[in-house]
Structure formats: C-alpha cells, structure tokens
Amino acid sequence: MAAPQPLSRFWEWGKNIVCVGRNYADHAREMRSALPREPLLFLKPSSAYAPDGAPALLPAYSRELHHELELGVVLGRRARAVPEAAAMDCVAGYALCLDMTARDVQAECKRQGLPWTLAKAFTASCPVSAFVPRDRVPDPHRLKLWLRVNGELRQEGDTSAMIFSIPYIISYISGIMTLEEGDLILTGTPKGVGPVQENDEMEAGIKGLVSMRCRVERARL
Ligand SMILES: CC(=O)CC(=O)C(=O)O
Ligand SMILES: [Mg+2]
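First things first, this report covers the structure right here in the doc. For every chain, the first residue of the written sequence is number 1, and numbering continues from 1 along that sequence. A letter from A marks each chain and a number from 1 marks each ligand, given out in the order of writing. Local features in a predicted model are, by the rule used here, given only for residues with pLDDT of at least 70; side-chain atom pairs are given and counted only at 80 or more, and totals for whole chains, interfaces and linings are based on all residues. Values shown for side chains rest on all heavy atoms present in the structure; no hydrogens or waters enter the calculation.

Per the convention used, a helix needs a DSSP run of H or I reaching at least four residues, while a strand needs a run of E reaching at least two, with both numbered from the N terminus. For Asp 200, the position within the fold is in the loop between β14 (194–196) and β15 (201–206). Accessible area is worked out with a 1.4 Å probe on protein chains only. A residue is then buried under 20% of its type maximum, exposed over 50%, and partly exposed in between. Here Asp and Glu are counted as negative and Lys and Arg as positive; His is not counted, and neither are the chain ends. Just to be clear on terms, a salt bridge is a Lys or Arg side-chain nitrogen sitting within 4 Å of an Asp or Glu carboxyl oxygen. Nearest to the buried, unbridged Asp 200 among oppositely charged side chains is Arg 154, at 4.9 Å. Contacts were defined at the residue level, with two residues in contact if any of their heavy atoms lie within 4.5 Å. What Asp 200 contacts, discounting residues up to four positions off in sequence, is Val 149, Asn 150, Cys 214, Arg 215 and Val 216.

In structure tokens, the structure reads:
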C-alpha cells in the first residue's frame with residue numbers, strides 16, 4: 001500500500017478545488033458585475049493543479065488567458081455543515097494560487113447562460129505555491145498578495161478587502177458539499193486581472209510568507 005502523502009503536498013491528494021468568485025468589490029467593479037449576496041461558487045478538477053515551477057497551460061480554444069491572484073485555504077479535516085465559529089479549526093494552512101481563466105470563453109458562457117467549466121476548469125488552470133502551515137499565519141485576513149509578469153508588477157491585493165470572510169466561506173460551502181481533508185478553497189481575486197501570453201513568466205506570492213514561479217505554455221493535445 002502506498003504511503004499517504006503529507007498534507008504539505010496537498011496538490012498530490014487529488015481532492016476538490018472549490019473557488020469563490022466576486023469576493024472583492026474592486027474586482028466585481030472591474031468586471032462590471034453586481035456584488036454577490038452569497039459566495040459565488042465554481043469547481044476545478046484536481047488535474048487543474050500546477051505546483052510551483054510547473055507551467056500554466058493556455059487552452060487551444062482560448063485567445064485570452066487571464067491571471068487571477070488568490071489566497072488558497074487548505075482544509076486539514078472533513079467539514080460538513082460547520083458553524084462559522086468552528087470553521088477555522090478545519091484549516092491546515094494556506095497557499096498562493098492563480099485562478100487562470102479563459103476570459104473570452106467565460107464571456108461567451110456568461111452570454112449564453114452556461115456554466116464556466118470551459119473557462120475555469122481546464123488542465124493546469126490552478127498554479128499553486130508551496131503550503132504555508134496555519135501557525136505561520138496569525139491573521140489570514142491581513143495578507144498582501146502580489147503578482148509579477150515578466151518582472152512587471154501586474155496585480156496586488158490585501159485579503160482584508162474580502163467581502164466574505166474565510167470562516168463564512170468555509171461554513172457556507174460546507175453546508176452545500178462536504179469538504180475533505182486536503183481540499184483547497186480559492187477565495188477570489190482582487191482587481192487587476194489581465195492577460196498573459198505564451199512564454200510569459202509569472203511570479204506571485206504572499207508577502208513575507210511564500211512565492212512561486214510559473215511559465216505560460218500552450219496546451220498540446
Ligand atoms: C469573474 C470571475 O472570474 C470570478 C472569479 O473567479 C473571482 O475570483 O472573482
Ligand atoms: Mg477567481
């Protein structure tokens with residue numbers, strides 16, 4: 001029997017990736033979207049993971065791949081209908097994540113009232129940093145996120161600006177679907193999303209905690 005992977009390599013567990021959209025008012029404004037009354041949720045498959053150093057893949061059917069810089073929350077235990085007050089007990093740690101988005105495809109999905117699967121859930125659409133254990137993060141709502149593309153600062157955000165807090169998000173999601181140890185929640189992007197091209201080098205991090213690198217490559221079928 002294979003030895004279990006440590007949680008610090010959560011991307012090898014092959015678990016759920018649950019994403020929250022429109023969780024920052026400045027990003028909702030730049031997308032001309034209404035503010036959500038409850039977290040907007042979508043999913044990525046485990047094949048979306050691209051650990052630090054692995055490429056992000058530009059899908060063949062898109063001409064406009066965007067970066068979205070996000071804080072990821074890694075679950076350390078099963079969470080089912082967890083009250084908000086107990087939600088942080090379920091957190092094992094954090095990671096810097098990119099919710100890579102085929103923006104042209106997403107726009108078409110929105111126009112047709114279709115789910116965002118093609119725009120969000122393609123292979124290598126979720127680059128992730130190394131795991132940051134929760135004891136290194138006194139307050140996850142006071143983190144500064146940054147992203148550079150080819151050395152140029154492209155996106156910055158402060159997790160204090162989230163509309164829905166991390167305990168609220170965990171409680172909300174766990175009332176809909178059971179979350180498992182090793183699952184990852186992407187908590188939404190602040191403003192500043194934008195396009196990347198084949199061969200661009202992205203570097204992103206959580207100030208003072210972790211950084212990661214990722215090159216954009218075209219997916220080969
Ligand atoms: C408009 C979006 O793509 C929503 C999203 O993913 C976000 O982070 O906000
Ligand atoms: Mg996003």
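And the narrative resumes.
What follows deals with the sheet that holds strand β11 (residues 144–149). Pairing between strands requires that DSSP locate at least two bridges from one strand to the other. Within the open sheet, the 5 strands sit side by side as β4-β16-β15-β11-β12. Their pairing is mixed. The open sheet is flanked by β4 (56–58) and β12 (152–158), the only strands paired with a single partner. Taken pair by pair, the neighbouring strands of this sheet meet at an average axis angle of 20°, ignoring direction. Pairing between β15 and strand β16 (residues 210–218): 6 bridges, direction antiparallel. Lines fitted to C-alpha atoms define the axes, with helix axes restricted to the stretch in contact, and inter-axis angles between N-to-C directions lie between 0 and 180 degrees.

The subject of this paragraph is the site of ligand 1. The cutoff for a nearby residue is simple: one of its non-hydrogen atoms must lie within 4 Å of the molecule or strand. Near ligand 1, the surroundings consist of 14 residues, among which Arg 22, Glu 68, Glu 70, Asp 99 and Lys 120 are the closest. In protein, a polar contact requires one atom able to donate a hydrogen and another able to accept it; more generally it is a pair of N or O atoms within 3.5 Å, and residues adjacent in sequence count only if both atoms are side-chain atoms. Within the side chain of His 27, one N or O atom sits 3.4 Å away from an oxygen atom of ligand 1. Contact between ligand 1 and Lys 120: an oxygen atom at 2.7 Å from a side-chain N or O atom of the residue. For every accessible area listed, the method is Shrake-Rupley and the probe measures 1.4 Å; residues are considered covered only by the protein chains on display. Protein burial of ligand 1: of its 280 Å² of free accessible surface, 100% is covered by the chains. Contributions of two or more residues to the shell around ligand 1 are made by β1 (17–21) and α2 (103–112). Each residue is assigned to one of three groups, with Ala, Val, Leu, Ile, Met, Phe, Trp, Tyr, Cys and Pro labelled nonpolar, Asp, Glu, Lys and Arg labelled charged, and all others, Gly among them, labelled polar. Per-class residue counts for the shell around ligand 1 are 3 nonpolar, 5 polar and 6 charged.

The phi torsion at Arg 32 lies on the positive side, around 55°, for a residue other than glycine. Turning to its location among the elements, Arg 32 is positioned in the loop between α1 (25–30) and β2 (40–44). A positive phi is found at Ala 81, a non-glycine position, where the angle reads about 50°. Relative to the helices and strands, Ala 81 is located in the loop between β6 (69–75) and β7 (91–98). The exposure class assigned to Ala 81 is exposed, which follows from its relative accessible area of 57%.

Of all the 7 residues making up β6, 7 are buried; the element is thus mostly covered by neighbouring parts of the structure. In this sheet, β7 lies alongside β6 in antiparallel orientation, the contact comprising 7 bridges. Looking at the pairing, Gly 72 lines up with Ala 95 of β7. Where β6 meets strand β13 (residues 184–186), 3 bridges bridge the pair, whose relative direction is antiparallel. Its bridge partner lying in β13, Val 74 is registered against Leu 184.

Our focus in this paragraph is the coordination of the magnesium ion (ligand 2). A 2.8 Å cut-off from the metal defines N, O and S donors, relaxed to 3.2 Å for Na, K and Ca; water is not in the atom list, so some sites may appear incomplete. Coordination of the magnesium ion (ligand 2) by the protein involves Glu 68 (OE), Glu 70 (OE) and Asp 99 (OD), with metal-donor separations of 2.0 to 2.1 Å. If you list the donors of the magnesium ion (ligand 2) from N- to C-terminus, the spacing comes out as E-x1-E-x28-D. Taken together, the residues Glu 70 in strand β6 and Asp 99 in the loop between β7 and β8 (101–102) connect sequence positions 29 residues apart. For Glu 70, a relative accessible area of 1% gives the class buried. Relative accessible area serves as the criterion here: at 0%, Asp 99 is assigned to the buried category.

Here the focus is the nonpolar core. Counting residues in each nonpolar core, the largest one holds 65 residues, and the members touching the most others are Phe 10, Leu 96, Leu 98, Leu 184, Ile 185 and Met 202. Leaving out residues up to four positions away in the same chain, Leu 184 has contacts with Phe 10, Asn 16, Ile 17, Val 18, Tyr 49, Gly 72, Val 73, Val 74, Cys 97, Cys 126 and Val 128. Residue types Ala, Val, Leu, Ile, Met, Phe, Trp, Tyr and Cys, when buried and joined through side-chain atoms within 4.5 Å, form a set referred to as a nonpolar core.

Turning to the environment of Arg 213, a few remarks are in order. Residue placement: Arg 213 occurs in strand β16. Once the C-alpha coordinates of Arg 213 and Val 149 are considered, the two residues, 64 residues apart in sequence, prove to be 9.8 Å apart. Excluding residues that lie within four positions of it along the chain, Arg 213 makes contacts with Asp 52, Gly 53, Met 202 and Glu 203.

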